[in-house]
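Descriptive analysis of the structure
These are the residues of each chain, in order.
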Amino acid sequence: MTGTTGTTTTGTTTTGITTTGTTDTTDTADGGWARTWSTSPHAPIEAFGPLPSFADTTLRQAVRVSGGGRQVRLRITNEYGTAPLTIGAARIALAAPAGGIRPGSERVLTFDGKSAVTVPTGAPMLSDPVALSLPALAELSISLYLPEAVKSATCHAMGVRTAWTTPGNSVDALTLPADAESLPLQALISALDVCADAPVKTVAIIGDSNTDCSGTTPDTNRRWTDRLAERLAELDGPAVCVSNQGISGNRMLNEGLGDAALARFDRDVLVTPGLRHVVLAIGLGDICISYSPQDGSGPPADFLAMFPGAPVTADDLIAGYRQLIDRARTRGVRVHAPTLTPYEGDDTFTPEGERARQRVNEWIRTSGAFDAVLDFDAVWSDPAHPSRIRDGFHAGDHLHGSDAGCRALGDSIDLALFR
């Protein structure tokens, strides 16, 4: 196969990965910045209940970065807002347990030198860089004071991190007050970038619930992307960050819970600072919905109604992968793909859907279209029943990974791919 990085040769297959034998030699990050944490924004989802108005409210959120640096900047998102978003004050700090912040680590975030900013409707906004020494895997606390009611808060509603709200402006509070309320979501923030003394690069992963890892224990960083970041942080040499752009319920070709991957790929992946690798972990949701049982034994009608669009075939998905590959390669980055994981036992399963999954996996493994194949199907499949996830690796629903299952995926990846 010949790609943008030159001619590659057929590589080898292990339990978790097939490679083409290429080596990444590009270390220079875009403008010195690299994306160290992210969450894909989407519109509020009515089926999950109304979001709070946030009027005269402080919103505090904790996130774990992947790679460290000496400067950091925050990306605020109003991309699905229906009115301008006013930020009255913003702070970033090293996080302490239970929503607290470590004394002395607080930094004021500014926007063009001002402590307050109005983010236009439908737009993101980057903060000014701030000096803050961050080790890899550091936990950060982000506090936003929202003086006015937020209409249609851009969010990430099915993530595995807790946020908190408190009345009034409490961005400086070292501990959360007793009247703080917890929220099982992330809102109004979508990324953190770092700048370091040495080159830093980023691996961006676009996917669905098995990248969002909605079956893992909240607030414990048990996603397979978290495990990948932990392993990369242990290596010597240039730092490699991980940007998780998974959305639970996401599909490649049709919208559902979040815009389709084909629609959001440029915004969520291709403009990533420091981008050097793309992982396309998407497609199983398209199969689950397209081949769902039609005899009433599958998911309820109100659930299926959240996933509009015509059913898609395996060939449609393969064509979609080719589109994403071509768009990524125009940026000169390497493109990798996991195989689609088993899902028999989930209420969307049908034999027809399983045949489509196997057809797509055969193409992923044998087409030579990718710089490497991450064989997640082989990691999760029950040897005695390959269309099912082995016991202990799913979250009880036969579809989403457990803590152990996601760790196994993260451990299966050959880190040499990203060096």
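Everything quoted here is computed from the prediction, not taken from an experiment.

Definitions and cut-offs
Residues numbered from 1 in each chain as written. Predicted model: local features only at pLDDT ≥ 70, side-chain atom pairs only at ≥ 80, totals over all residues. Heavy atoms only, no water. Axes fitted to C-alpha atoms, helices over the stretch in contact; angles between N-to-C directions. Helix = DSSP H or I, 4+ residues; strand = E, 2+ residues; numbered from the N terminus. Parallel < 35°, antiparallel > 145°, perpendicular 65-115°, else oblique. Left-handed = near helix turned anticlockwise from the far one by under 90°. Contact = heavy atoms within 4.5 Å. Core = buried A, V, L, I, M, F, W, Y, C linked by side-chain atoms within 4.5 Å. Buried < 20%, exposed > 50% of the residue type's maximum accessible area, 1.4 Å probe, protein only. Pairing = 2+ DSSP bridges. Nonpolar A, V, L, I, M, F, W, Y, C, P; charged D, E, K, R; others polar. Polar contact = N/O pair within 3.5 Å; in protein donor to acceptor, adjacent residues only side chain to side chain. Phe/Tyr/Trp six-rings, centres within 6.5 Å; stacked < 30°, edge-to-face > 60°. Salt bridge = Lys/Arg side-chain N within 4 Å of Asp/Glu carboxyl O.

**Structural notes on the packing of helix α3 (residues 261–270) against helix α6 (residues 314–329)**
Contact geometry for α3 and α6: axes closest at 11 Å, N-to-C directions at 25°. What the angle tells us is that α3 and α6 run roughly parallel. Of the two possible hands of crossing, α3 and α6 adopt the one that is right-handed. Contact residues: Ala261, Leu262, Phe265, Asp266 and Leu270 in α3; Gly320, Gln323, Leu324, Arg327 and Ala328 in α6.

**Examining the nonpolar core**
Among the nonpolar cores identified, the biggest contains 40 residues, and Leu134, Leu140, Leu144, Leu146, Leu188 and Leu192 are the most heavily contacted of them. With 4 residues, strand β13 (residues 139–146) is the single largest residue contributor to this core. Sequence-distant contacts of Leu146, defined by excluding residues within four places in its chain, comprise Phe54, Ala55, Asp56, Thr57, Leu59, Leu85, Thr86, Ile87 and Leu188. Counting residues in each nonpolar core, the second largest holds 36 residues, with Ile206, Cys288, Tyr321 and Val335 among its members.

**Considering the pairing of strand β8 (residues 89–94)**
Counting buried residues in β8 gives 6 out of 6 residues, a clear majority hidden from the surface. What you see with β8 is no split at all: Ala89, Arg91 and Ala93 on one side and Ala90, Ile92 and Leu94 on the other are buried throughout. Summarising the sheet, β8 and β13 pair through 6 bridges and their orientation is antiparallel. Directly across from Ala93, in β13, lies its bridge partner Ser141.

**Notes on the packing of helix α2 (residues 224–233) against helix α9 (residues 403–412)**
One can describe the packing of α2 onto α9 by two numbers: an axis separation of 7 Å at closest approach and a directional angle of 40°. The orientation of α2 with respect to α9, classified from their angle, is oblique. In the crossing of α2 with α9, the sense of the turn from one axis to the other is right-handed. For the pair α2 and α9, contact is made by Trp224, Arg227, Leu228 and Arg231 and by Cys406, Arg407, Leu409, Gly410, Asp411 and Ser412, respectively. Partitioned by chemical class, the residues of the contact of α2 with α9 number 4 nonpolar, 2 polar and 4 charged.

**Some details on the side chain of Ser248**
You can see Ser248 is positioned in the loop between β20 (239–246) and α3. Ser248 gets classed as buried once you look at its relative accessible area, which sits at 5%. At a separation of 2.9 Å, a polar atom in the side chain of Ser248 contacts the side chain of Asp212.

**Considerations on the pairing of β13**
Within β13, 7 of the 8 residues are buried, which leaves the element mostly enclosed by the surrounding structure. Bridging between strand β5 (residues 57–64) and β13 involves 8 bridges; their strand directions are antiparallel. For Thr57, the partnering residue across the bridge sits in β13 and is Leu146.

**Considering the environment of Thr330**
Turning to its location among the elements, Thr330 is positioned in the loop between α6 and β22 (334–338). Residues Thr330 and Gly207, spaced 123 residues apart in sequence, show a C-alpha to C-alpha distance of 20 Å.

**Some thoughts on the sheet that holds strand β16 (residues 181–183)**
Ordered by their spatial adjacency, 6 strands build an open sheet running β9-β8-β13-β5-β15-β16, and the pairing between neighbours is antiparallel. Since the sheet does not close on itself, it has two edges, and those belong to β9 (107–108) and β16, each with one partner.

**As for the packing of aromatic side chains**
With the rule as written, the count across this model stands at 6 aromatic pairs. Between Trp224 and Phe376 the ring centres are 5.0 Å apart and the planes differ by 80°, which places this aromatic pair in the edge-to-face class. Of the two residues, Trp224 is situated in helix α2 and Phe376 in helix α8 (residues 376–380); the sequence distance between them amounts to 152 residues. Phe376 matches Trp224 in its accessibility class, with the two residues each being buried. An aromatic cluster of three or more residues is present, and its members are Tyr321, Trp363 and Phe370.

**Remarks on the pattern of salt bridges**
A side chain of one charge can pair with a side chain of the opposite charge when the charged atoms of the two come close. Per the stated rule, a full pass over the model turns up 24 salt bridges. The salt bridge partner of Arg161 is Glu139, with a shortest N-O separation of 3.2 Å. Of this pair, Arg161 sits in the loop between β14 (155–156) and β15 (163–167) while Glu139 sits in strand β13, and the two are 22 residues apart along the sequence. A relative accessible area of 14% means that Arg161 is categorised as buried. In this structure Glu139 comes out as partly exposed when scored by relative accessible area, which is 26%. Salt bridges linked by common partners bring Arg64, Arg227, Glu230, Arg407 and Asp411 together as one network.

**Things to note about α3**
For α3, the complete set of buried residues consists of Ala261, Arg264, Phe265, Asp268, Val269 and Leu270. Buried positions along α3 lie against β19 (200–207), β20, β21 (275–281) and α6.

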